[in-house]
Amino acid sequence: MNDQVSATAERPAAAFSRGSALLVLADGTVFEGTGFGAETQAVGEVCFNTAMTGYEEILTDPSYAGQIVAFTFPHIGIVGTNSEDVEATTPVARACVVRANAEYPSNYRSMAKLDRWLRLNNIPGISGIDTRALTNRIREQGMPHGAVAHARDGKFDRDGPVAMARAFPGLVGLDLAKDVTCRQMYGWTETPWVWNKGYGEQTAPTWRAVVIDYGVKRNILRQLAGHGAQITVLPAQATFEDVMRHKPHGVLLSNGPGDPAATGEYAIPTIKALVDSDIPVFGICLGHQMLGLALGSETKKMKQGH
């Protein structure tokens, strides 16, 4: 194993830490560890992800807007990063928490270490903490507000991150889809990645799909294109008339971040009109939740994502 610092404690404000990064929760709990990525501070809702692969896709998934992502798989960064596996151009995850950061990735597709990729995207990371303890805490008590601070010299004003975490307003009632949606309509033709070939292109579509973008992942679009769709992507605020102008055979309500009730204030009238038109409609993540709201169901925030 490595020699990274791992500790959990509640301490008064201090000028020096044994580690070069802190994860501070709103209740004052402090996880000390080794910093990597951007040397900065970030605040958000702390969640965990249990995937064994795909950390670059996770960190670029727009659904993680406003969140600090803790990975339960112990070694993150093993295959490095590349320009093909991003799900959005600009990552919106606030920070990255891992048990062990793989400093020397090994993969023929790797273009940069995770550390460098995080620095380029101004995302701080912390490694060497007990991610099992953090995950158990989230599982039992729900997702806390927290802050990650990375300082190479280990000097911190501990009161600052605590204050940031306590001041964070949370995600309930926030329409984050408006921050991650596309700004204008566009078409999509790229198909899924194939071993030793890379991504393909859909040149002979057999049906038309409209995707309403609440924070859509690129691979969802690729999968649709791979199933023969001619895809038109519309912004989150698209109206029923905007959708019908493209004469779709089906409509996808995409994934995305934030509170479905908040985004639903402008999205649900469009969704209800689509359902009433008898055009096939399906949703993923936030889109699925808003489809439920449009059909008369209710949503509530859970302790952790599912």
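Rules used throughout
For every chain, the first residue of the written sequence is number 1, and numbering continues from 1 along that sequence. Confidence filtering applies because this is a predicted model: local features only for residues at pLDDT of at least 70, side-chain atom pairs given and counted only at 80 or more, and all residues used for totals across whole chains, interfaces and linings. The basis for every side-chain value is the complete set of non-hydrogen atoms in the structure, without hydrogens or water. On a range of 0 to 100, pLDDT expresses the predictor's confidence in each residue. In this description, contact between two residues means that some pair of their heavy atoms is separated by no more than 4.5 Å. Ring pairs are drawn from Phe, Tyr and Trp, using the six-membered ring of Trp, whenever the two centres fall within 6.5 Å, and their geometry is named by plane angle: stacked under 30 degrees, edge-to-face over 60, tilted for the rest. Here a strand is any run of E in DSSP of at least two residues, a helix any run of H or I of at least four, and the numbering for each starts at the N terminus. Per-residue accessibility, obtained with a 1.4 Å probe over protein chains only, is compared with the maximum for each type, and a residue is labelled buried under 20%, exposed over 50%, and partly exposed between these values. Here, a salt bridge means any Lys or Arg side-chain nitrogen found within 4 Å of an Asp or Glu carboxyl oxygen. Throughout, a disulfide means two cysteine sulfur atoms within 2.5 Å of one another. What counts as an axis is a line fitted to C-alpha atoms, over the stretch in contact for a helix, and the angles between N-to-C directions run from 0 to 180 degrees. We call two directions roughly parallel when the angle between them is under 35 degrees, roughly antiparallel when it is over 145, roughly perpendicular when it lies between 65 and 115, and oblique otherwise. Definitions for this section: a left-handed crossing has its near helix turned counterclockwise from the far helix by less than a right angle. A right-handed crossing has that turn clockwise.

A. Region of the structure containing the confidence of the model for the protein chain. Taken as a whole, the protein chain shows an average pLDDT of 93; of its residues, 94% reach a score of 70 or greater. Scored below 50 in pLDDT, residues 1–15 makes 46 contacts in the model with residues more than four places away or belonging to other chains.

B. Summary view of the packing of aromatic side chains. Applying the stated rule across the entire model yields 2 aromatic pairs. Considering the side-chain rings of Y108 and W195, the 6.0 Å spacing of their centres and the 70° angle between planes classify their relative orientation as edge-to-face. Pair noted here: Y108 is in the loop between strand 8 (100–101) and helix 2 (114–120) and W195 is in the loop between strand 12 (190–194) and strand 13 (198–201), with a separation of 87 residues, a long-range link. Taking the relative accessible area as the measure of exposure, Y108 reaches 55% and is therefore exposed. When the centroid spacing of 6.1 Å and the interplanar angle of 90° are considered together, the rings of W193 and W195 count as edge-to-face. What makes W193 partly exposed here is its relative accessible area of 29%. W195 gets classed as exposed once you look at its relative accessible area, which sits at 57%.

C. View of the pattern of salt bridges. All chains considered together, the criterion is met by 12 salt bridges. Linking E45 and K301 is a salt bridge whose minimum nitrogen-to-oxygen distance equals 3.0 Å. A residue pair is termed long-range when its members are at least 10 positions apart, and E45 in strand 4 (residues 41–49) and K301 in the segment after helix 9 (286–294) qualify at 256 residues. Judged by its relative accessible area of 2%, E45 is buried. We note a salt bridge from D179 to K178, for which the minimum N-O separation is 3.3 Å. Looking at D179, the relative accessible area reads 46%, which means it is partly exposed.

D. Region of interest: the state of the cysteines. One pass over the full model with this rule turns up 0 disulfides. No disulfide involves C47; its nearest neighbouring cysteine sulfur is the one of C96, lying 11 Å away.

E. Local environment of the packing of helix 8 (residues 260–276) against helix 9. At a minimum axis distance of 8 Å, the contact between helix 8 and helix 9 shows a crossing angle of 65°. Between helix 8 and helix 9, the crossing angle belongs to the class labelled roughly perpendicular. Crossing of helix 8 against helix 9: the hand is right-handed. Facing P260, A261, T263, G264, A267, I268, I271, K272 and V275 of helix 8, the residues of helix 9 in contact are L286, Q289, M290, L291, L293 and A294.

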